[in-house]
Amino acid sequence: MAPTIGVFDSGFGGLTVLRALVERFPHARFAFLGDTARLPYGSKSRRTIARYAAQSAQFLVNEQGAEFLVIACNTASALALDAIQDAVSVPVLGVIEPGAAAARAASRTGDVLVVATEATVHSRAYTAACQAHGLRVLEKACPLLVPLVEEGWTDHPVTAEVIEIYLNELRAEAESRGMNPDTLVLGCTHYPLLRPLFERVVRPGAKVIDSAESVAQAAVQLLNGSASPAATGNAPETEVRCFATDSVEKFERLGSRFLGRPVGHVELIDLGG
Ligand code: DGL
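K.L.:
Lay out the confidence of the model for the chain in plain terms, naming residues and giving numbers.
P.N.:
Confidence in the prediction of the chain, expressed as mean pLDDT, is 92, and 94% of residues score 70 or more. The low-confidence segment residues 227-232, where pLDDT is below 50, has nine contacts with residues more than four positions distant or belonging to other chains.

The following block contains the structure:
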């Protein structure tokens, strides 16, 4: 029997993770929730993020029957994974550890850079996860990028310039610490949409790690046997239902860029305050 997989993000950036999951679990049923009313999580406190994320996880498990949860939000994964695990009784997979493991596999120098939201960077979750893999790591918050992606400016000169400024600052800091980074982790579910812009600015030969791909791969390993990876893209039988707490129209309009196909009808839900 195909699993029901719940996928949660603070907004619709997590559709990049859903897209990677759909490719690997073509027979699964998916319920995706974007907590758009309360986005951004990246500038909020741990306590608030934990409360919002736990409510969202409970909706997916208790009301949508999710048997497995993927937290497609770096901020919620970094600050609220414990709270989510306490709130539901199904396995929960976050994006931080798969991202760190992918960085370990990609890096030759052992020095990696991470770009993420303020809350994720402040939590130092990536630093801890990367250090556990024997990596040296330097993180940088890039708070302007989520609003630019939300605005749809994913291939805009302003966004390209902002990325260049952030990365130049990050590289200068890395250099001053004697680091020789060869890998950049996109530690925010919005950033895969900016991947071509990041790739233009990183050093030639440097690897750009996309947490969407790494977490989908980790989900395959965890759900081992209940689905077989498919190289052929979206199968027609994949069932995807999308829910949002606000901005349904914007979700439907911009979400297809993240999912790589029309998101269809998005259902509005109310999780309270
Ligand atoms: N989904 C968040 C993340 O991956 C970014 C958006 C937000 O700040 O809520 O960190």
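Here the narrative resumes.
K.L.:
So, the sheet that holds strand β7 (residues 183-187): which residues are in play, and what are the values?
P.N.:
With respect to topology, four strands assemble into an open sheet ordered β6-β5-β7-β8, the strand pairing being parallel. Of all strands in the sheet, those with a lone pairing partner are β6 (136-141) and β8 (207-210), marking the two edges. Strand-to-strand, the axes of this sheet are offset by a mean angle of 20°, without reference to chain direction. With four bridges joining them, β7 and β8 adopt parallel strand pairing. Bridge assignment links L186 to a residue of β8, and that residue is D210. Here helix α10 (residues 211-222) sits on the sheet in contact with β7 and β8, set at roughly 55° to β8.

K.L.:
Any details on the side chain of S107? Residues and values, ideally.
P.N.:
Along the chain, the position of S107 falls in the loop between α4 (96-106) and β5 (111-116). There is a polar contact of 2.8 Å between the side chain of S107 and the backbone nitrogen of G110.

K.L.:
Help me get a handle on the pattern of salt bridges, residues and values and all.
P.N.:
Inspection of the entire model under this criterion finds 12 salt bridges. Where E150 meets K250, a salt bridge forms, and the shortest distance between an N and an O atom there is 3.8 Å. In this pair, E150 is assigned in helix α7 (residues 145-150) and K250 in helix α11 (residues 248-259), connecting sequence segments 100 residues apart. Under the relative-accessibility criterion, E150 is labelled buried at 10%. On the basis of relative accessibility, which here comes to 25%, the residue K250 falls in the partly exposed class. The residue D210 makes a salt bridge to R195 at a minimum N-O spacing of 3.7 Å. Of the two residues, D210 sits in strand β8 while R195 sits in helix α9 (residues 195-201), which places them 15 residues apart along the sequence. Classification of D210 as buried rests on a relative accessible area of 11%. One salt-bridge network, held together by shared partners, links R195, E199 and D210.

K.L.:
Residue-level account of the packing of α4 against α10, with values.
P.N.:
Look at α4 against α10: their axes get within 8 Å of each other, and the N-to-C directions meet at 105°. As far as their axial angle goes, α10 and α4 are roughly perpendicular. Between α4 and α10, the contacting residues are P98, G99 and A102 on the first element and S214, V215 and A218 on the second. Looking at the contact of α4 with α10 residue by residue, the classes come out as four nonpolar, two polar and no charged.

K.L.:
Explain unusual backbone geometry residue by residue, including any values.
P.N.:
Here the residue pair L39 and P40 is connected by a cis peptide bond, since its omega of 0° sits within 30 degrees of zero. Counting through the fold element by element, P40 comes out in the loop between β2 (29-34) and α2 (46-63). One non-glycine residue with positive phi stands out, namely R124, at about 60°. Inspection of the secondary structure puts R124 in the loop between α5 (118-123) and α6 (125-132). The backbone of S247 sits at a positive phi, close to 50°, despite the residue not being glycine. Along the chain, S247 falls in the loop between β9 (239-244) and α11. Using a relative accessible area of 27% as the deciding quantity, one classes S247 as partly exposed.

Definitions and cut-offs
- Residues numbered from 1 in each chain as written.
- Predicted model: local features only at pLDDT ≥ 70, side-chain atom pairs only at ≥ 80, totals over all residues.
- Heavy atoms only, no water.
- pLDDT = per-residue confidence, 0-100.
- Contact = heavy atoms within 4.5 Å.
- Pairing = 2+ DSSP bridges.
- Helix = DSSP H or I, 4+ residues; strand = E, 2+ residues; numbered from the N terminus.
- Axes fitted to C-alpha atoms, helices over the stretch in contact; angles between N-to-C directions.
- Polar contact = N/O pair within 3.5 Å; in protein donor to acceptor, adjacent residues only side chain to side chain.
- Salt bridge = Lys/Arg side-chain N within 4 Å of Asp/Glu carboxyl O.
- Buried < 20%, exposed > 50% of the residue type's maximum accessible area, 1.4 Å probe, protein only.
- Parallel < 35°, antiparallel > 145°, perpendicular 65-115°, else oblique.
- Nonpolar A, V, L, I, M, F, W, Y, C, P; charged D, E, K, R; others polar.

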